[in-house]
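Examining the three-dimensional arrangement
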Number of protein chains: 2
Amino acid sequence: MVRKPGSWLGMKKPTGIVISSRIRLARNIEGVAFPGWAGEQERVQLLTRLKGCFTSLASMPNTLVLEMAELAETDRDVLRERHLISQELAERGPGSALAISSDEQIAIMVNEEDHLRLQAIAPGMQLRDIWDKINAVDSEIEDLFGYAFSPQLGYLTACPSNVGTGLRASVMMHLAGLRLTNEVEPVINGLEKIGLTVRGLWGEGTEAYGNMFQVSNQQTLGHSEAQIIDAFIDLVTEVTEHEKNARARLAESQRVNLIDWVARAYGLLKNARIMSSQEKADLLSALRLGIEMGYVGGVDIADINQIMLMGKTGHLQKSTGRVLGPEERDTLRARLTRNKLQNAKLLE
Amino acid sequence: MVRKPGSWLGMKKPTGIVISSRIRLARNIEGVAFPGWAGEQERVQLLTRLKGCFTSLASMPNTLVLEMAELAETDRDVLRERHLISQELAERGPGSALAISSDEQIAIMVNEEDHLRLQAIAPGMQLRDIWDKINAVDSEIEDLFGYAFSPQLGYLTACPSNVGTGLRASVMMHLAGLRLTNEVEPVINGLEKIGLTVRGLWGEGTEAYGNMFQVSNQQTLGHSEAQIIDAFIDLVTEVTEHEKNARARLAESQRVNLIDWVARAYGLLKNARIMSSQEKADLLSALRLGIEMGYVGGVDIADINQIMLMGKTGHLQKSTGRVLGPEERDTLRARLTRNKLQNAKLLE
């Protein structure tokens with residue numbers, strides 16, 4: 001029922017500093033109480049109405065609808081680890097569901113905080129492409145059901161922060177170079193000053209595991225969707241340039257240290273028997289940089305994305321078909337990583 | 001002039017917990033002032049007398065005499081790192097010398113603290129063998145020159161702590177198992193209580209690099225040489241049993257952690273580009289244990305001993321023929337280690 005891990009991450013050949021792009025839209029159906037106000041019966045009724053539509057959308061073919069109440073906990077964990085559902089949706093009961101396209105690039109959460117949370121996600125820097133996709137799905141659903149909308153405010157949402165476009169654009173960025181040159185903090189502070197939100201992907205604040213940062217635009221009022229996305233792309237491009245610059249400086253003045261960092265990560269990932277998810281994320285950051293800088297071959301960025309995902313608890317448990325203790329997880333994570341990197345080679 | 005690194009370490013196939021055995025005798029020539037009291041002329045005269053004898057000893061064939069004043073600093077460093085001379089001898093001027101047998105198992109320091117410091121050293125647990133060797137050399141020199149000797153006290157030495165037999169027996173032990181089970185401290189405390197001296201090979205106190213400990217018997221009075229050596233062998237055997245026991249327990253109850261420790265060391269030694277001597281010693285401890293427990297193949301303990309030695313500053317500088325800065329040493333050390341471990345393989 002749940003497809004092989006991370007089809008959206010593995011499907012193209014993603015490279016570079018932007019690991020993935022994501023856009024989500026918050027929408028509510030006209031004349032229906034918001035999920036927080038609605039009773040279970042109303043929520044279930046809405047889902048029933050929507051289900052029929054999801055499977056016939058021209059802009060979202062081969063859609064699968066997964067009802068949260070019918071899913072095993074492991075399956076919900078897997079969906080959460082793939083960023084397809086939120087923890088909040090996973091915990092909700094009858095009426096809550098996820099509709100996903102067969103390539104997992106389009107995902108719609110039903111009866112989370114809003115009636116609909118439409119999300120498009122793709123590897124690399126593809127904000128404009130996914131905007132086109134999600135915009136098409138959004139228009140089709142709006143034509144069928146009508147959205148709660150105010151001419152003054154725009155789309156109405158459960159939380160005032162989403163009112164307006166209901167849009168949130170985000171990218172996951174790998175800022176290993178800036179981290180090594182100790183410039184990640186000033187860059188993040190700069191982004192936050194102009195209204196962007198930056199958080200470490202799994203750690204707290206700037207204590208990101210694996211030098212992964214999620215940068216997102218929370219602004220939803222006063223501009224069109226296209227304007228918001230264009231401005232966001234400009235900022236992400238600027239951060240990408242900073243990161244490239246840091247890498248170039250490191251390769252120039254710290255070449256041996258840089259290769260040492262990559263080579264040590266390579267040696268540990270290929271040999272360790274026990275590995276925590278934090279350590280794995282940190283070592284994969286070095287390996288990813290090594291691949292992108294030509295120090296490591298025999299493995300590509302899509303493999304690294306797969307390893308990142310398959311080492312997470314839910315995915316590990318799904319692969320073994322049972323609940324695993326922390327020690328079993330650390331051992332299995334290390335083994336899967338070793339196997340996946342069998343053909344990796346240091347080139348320097 | 002100085003032979004290839006570590007012939008005494010590489011010559012046999014040493015295995016096990018006792019890395020090397022060493023016995024030294026402190027002796028002074030009858031009727032000649034002790035080195036600390038003698039002027040330069042007297043010291044040089046003594047060396048001249050002794051030199052002729054060293055090259056014709058039946059018990060020590062093919063002896064080479066190296067005068068400290070004529071050696072380059074790099075060569076003195078190399079001898080010191082092989083435990084053939086002391087820092088003190090290296091710093092002394094005319095009259096100070098080292099006589100070494102071609103296999104480097106017998107070494108005699110001339111005009112260090114005493115006129116003669118006779119040393120026999122061999123890989124593994126060979127205290128009885130080297131006692132026979134050094135005893136033969138000692139008797140031959142005594143017959144030729146006569147030693148300062150008191151019927152009440154025994155051999156007279158510059159420092160009262162050596163008076164009597166003038167004997168010091170020591171072993172270098174690899175106590176990785178006891179370190180991992182947190183038992184190294186109680187074992188060391190026990191040995192010190194019964195009069196043995198234990199020190200970390202390069203670190204301070206019990207903060208040994210690479211889990212290497214030098215255990216030595218300082219007692220020189222009141223027993224014959226044979227009695228002292230027998231008692232010392234019994235104690236070393238006891239510590240060896242403790243270490244074996246610790247390893248067996250670890251293999252039984254902590255197998256995955258143990259293999260993880262070995263595999264991580266293997267991965268770093270085979271890949272790192274920069275390595276300090278302390279890190280190298282610590283990682284080699286894990287690799288050594290791995291070889292002895294059958295987790296690592298394609299490399300033997302003699303190789304590990306060679307790697308241990310060739311990464312030291314003097315040996316590195318000797319191999320390149322010039323003085324190296326700390327960064328160059330760390331890079332060269334890592335490269336030599338990688339090359340030497342090219343055929344090493346994890347078996348588990």
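What follows deals with the pairing of strand 5 (residues 116-123) of chain B. Residues and elements named next belong to chain B. With respect to burial, strand 5 is a largely interior element, eight of its eight residues being buried. Burial of strand 5 is two-sided: the residues Leu116, Leu118, Ala120 and Ala122 facing one way and the residues Arg117, Gln119, Ile121 and Pro123 facing the other way are all buried. Relative to strand 5, strand 4 (residues 106-110) runs antiparallel, the two sharing five bridges. Paired with Ile108 across the two strands is Leu118, which belongs to strand 5. Between strand 4 and strand 5, which pair antiparallel one after the other, the connecting turn spans five residues, and Asn111 there sits at a positive phi close to 55°.

So, about the environment of Asn189 of chain B. Here Asn189 of chain B shows up in helix 7 (residues 184-193). A sequence separation of 63 residues divides Asn189 of chain B from Glu252 of chain B, and the C-alpha atoms of the two residues are 26 Å apart.

So, about the packing of helix 9 (residues 255-271) of chain B against helix 10 (residues 277-292) of chain B. All names here are of chain B. Where helix 9 meets helix 10, the closest approach of the two axes is 8 Å, and the angle between their N-to-C directions is 125°. Classed by the angle they form, the pair helix 9 and helix 10 counts as oblique. Helix-helix and strand crossings are classified by hand; for helix 9 and helix 10 the assignment is left-handed. Across from Leu258, Trp261, Val262, Ala265, Tyr266, Leu268 and Leu269 in helix 9, the residues of helix 10 making contact are Glu279, Lys280, Leu283, Leu284, Ser285, Ala286, Leu287, Leu289 and Gly290.

Residues and elements named next belong to chain A. The eight strands are arranged 2-3-4-5-1-8-10-9 in an open sheet whose pairing can be described as antiparallel. Only two strands of the sheet have a single partner each, and these edge strands are strand 2 (64-67) and strand 9 (196-200). For this sheet, the mean angle separating the axes of adjacent strands, direction not counted, is 20°.

Residues and elements named next belong to chain B. In spatial order, the strands read 2-3-4-5-1-8-10-9; together these eight strands make up an open sheet with antiparallel pairing. On the outer flanks of this sheet lie strand 2 (64-67) and strand 9 (196-200), each paired with one strand and no other. In this sheet, neighbouring strand axes are inclined to one another by 20° on average, regardless of whether the strands run parallel or antiparallel. Packing against the sheet, helix 5 (residues 127-145) makes contact with strand 1 (18-27), strand 4, strand 5 and strand 8 (167-174), and its axis sits at approximately 20° to strand 1.

Here we come to the interface of chain B and chain A. With 18 residues of chain B in contact, the opposing surface of chain A contributes 18 residues. Counting each side, the surface lost to burial between chain B and chain A is near 1,500 Å², with a carbon and sulfur contribution of 58%. Inspection of the chain B/chain A interface yields two salt bridges. Here Glu279 of chain A and Arg264 of chain B are joined by a salt bridge, their closest N and O atoms 2.7 Å apart. Seen at the junction of chain B and chain A, the total is 10 residue pairs in polar contact (both at pLDDT 80 or more).

Attention now moves to the relation of the copies chain B and chain A. By a simple turn and slide, chain B fits onto chain A: the slide is 0.0 Å along the axis, the RMSD is 0.0 Å, and the turn is 180°. Here the transformation between the copies is reduced to the relation of a two-fold axis. For chain B, the residue whose C-alpha comes nearest the rotation axis is Gly267 of chain B, separated from it by 2.0 Å. When the interface residues of chain B are mapped onto chain A, 100% of them again fall at the interface, so both copies present the same face.

This part is about the confidence of the model for chain A. Residues and elements named next belong to chain A. A residue-level look at chain A finds 94% of positions with pLDDT of 70 or above and a mean pLDDT of 89. Per-element mean pLDDT across chain A ranges from 44 in helix 1 (residues 7-10) up to 97 in helix 9 (residues 255-271). With a pTM of 0.87, the predicted complex shows an ipTM of 0.85.

Residue and element names in this part refer to chain A. Inspection of the secondary structure assignment puts Ser86 in the loop between helix 3 (73-81) and helix 4 (87-91). The class for Ser86 is buried, based on a relative accessible area of 18%. There is a polar contact of 3.1 Å between the side chain of Ser86 and the backbone nitrogen of Leu89. Not counting chain neighbours up to four residues away, the residues in contact with Ser86 comprise Arg80, Met109 and Glu112.

A few words on the packing of helix 9 of chain A against helix 9 of chain B. Where helix 9 of chain A contacts helix 9 of chain B, the axes come no closer than 8 Å and their chain directions differ by 145°. For the pair helix 9 of chain A and helix 9 of chain B, the sense of crossing is right-handed. Residues Ala263, Arg264, Tyr266, Gly267, Leu268 and Asn271 of chain A of helix 9 of chain A form the contact with helix 9 of chain B, whose participating residues are Ala263, Arg264, Tyr266, Gly267, Leu268 and Asn271 of chain B. Of the residues assigned to the contact of helix 9 of chain A with helix 9 of chain B, the class counts are six nonpolar, four polar and two charged.

Counting 64 residues, the largest nonpolar core has Leu287 and Val296 of chain A together with Leu287 of chain B as the members making the most contacts within it. Broken down by secondary-structure element, the contributors of at least two residues to this core are helix 9, helix 10 (277-292) and helix 11 (301-310) of chain A together with helix 9, helix 10 and helix 11 (301-310) of chain B. The element contributing the most residues to this core is helix 9 of chain A, with eight residues. Formed by 53 residues, the second largest nonpolar core is a distinct cluster that contains Ala99, Leu167, Leu191 and Ile229 of chain A.

Let's shift gears to the domain arrangement of chain A. Residues and elements named next belong to chain A. Domain boundaries assigned for chain A yield domain 1 (7-246) and domain 2 (255-346). A separation of 27 Å is found between the C-alpha centroids of domain 1 and domain 2. Residue-level contacts link 25 residues of domain 1 with 22 residues of domain 2. Summed over both sides, the interface of domain 1 with domain 2 buries roughly 2,100 Å², with 62% coming from carbon and sulfur. Across the salt bridge formed by Asp75 and Lys318, the nearest N and O atoms sit 2.6 Å from each other. Across the domain 1-domain 2 interface, the total number found is 10 residue pairs in polar contact (both at pLDDT 80 or more). Of all the elements in the fold, those that place two or more residues in the side of domain 1 that touches domain 2 are helix 1, helix 3 and helix 6 (176-180). Per element, the largest residue contribution to the side of domain 1 that touches domain 2 is five residues, and it comes from helix 3. For the side of domain 1 that touches domain 2, a count of residues per class yields 10 nonpolar, eight polar and seven charged.

Per the counting criterion, the structure on display carries 38 salt bridges over all chains. Residue Arg247 of chain B pairs with Glu243 of chain B through a salt bridge whose shortest N-O separation is 2.6 Å. Of the two residues, Arg247 of chain B and Glu243 of chain B both sit in helix 8 (residues 225-253), four residues apart, roughly one turn of that helix. Within the structure, one salt-bridge network assembled from shared partners comprises Glu112, Glu113, Asp114 and Arg117 of chain A.

Analysis parameters
Residues numbered from 1 in each chain as written. Chains lettered and ligands numbered in written order. Predicted model: local features only at pLDDT ≥ 70, side-chain atom pairs only at ≥ 80, totals over all residues. Heavy atoms only, no water. Buried < 20%, exposed > 50% of the residue type's maximum accessible area, 1.4 Å probe, protein only. Helix = DSSP H or I, 4+ residues; strand = E, 2+ residues; numbered from the N terminus. Pairing = 2+ DSSP bridges. Axes fitted to C-alpha atoms, helices over the stretch in contact; angles between N-to-C directions. Parallel < 35°, antiparallel > 145°, perpendicular 65-115°, else oblique. Left-handed = near helix turned anticlockwise from the far one by under 90°. Contact = heavy atoms within 4.5 Å. Buried area = accessible area lost by both parts, 1.4 Å probe. Salt bridge = Lys/Arg side-chain N within 4 Å of Asp/Glu carboxyl O. Polar contact = N/O pair within 3.5 Å; in protein donor to acceptor, adjacent residues only side chain to side chain. Least-squares fit on C-alpha atoms with pLDDT ≥ 70 in both. pLDDT = per-residue confidence, 0-100. Nonpolar A, V, L, I, M, F, W, Y, C, P; charged D, E, K, R; others polar. Core = buried A, V, L, I, M, F, W, Y, C linked by side-chain atoms within 4.5 Å. Domains from an automatic or database assignment.

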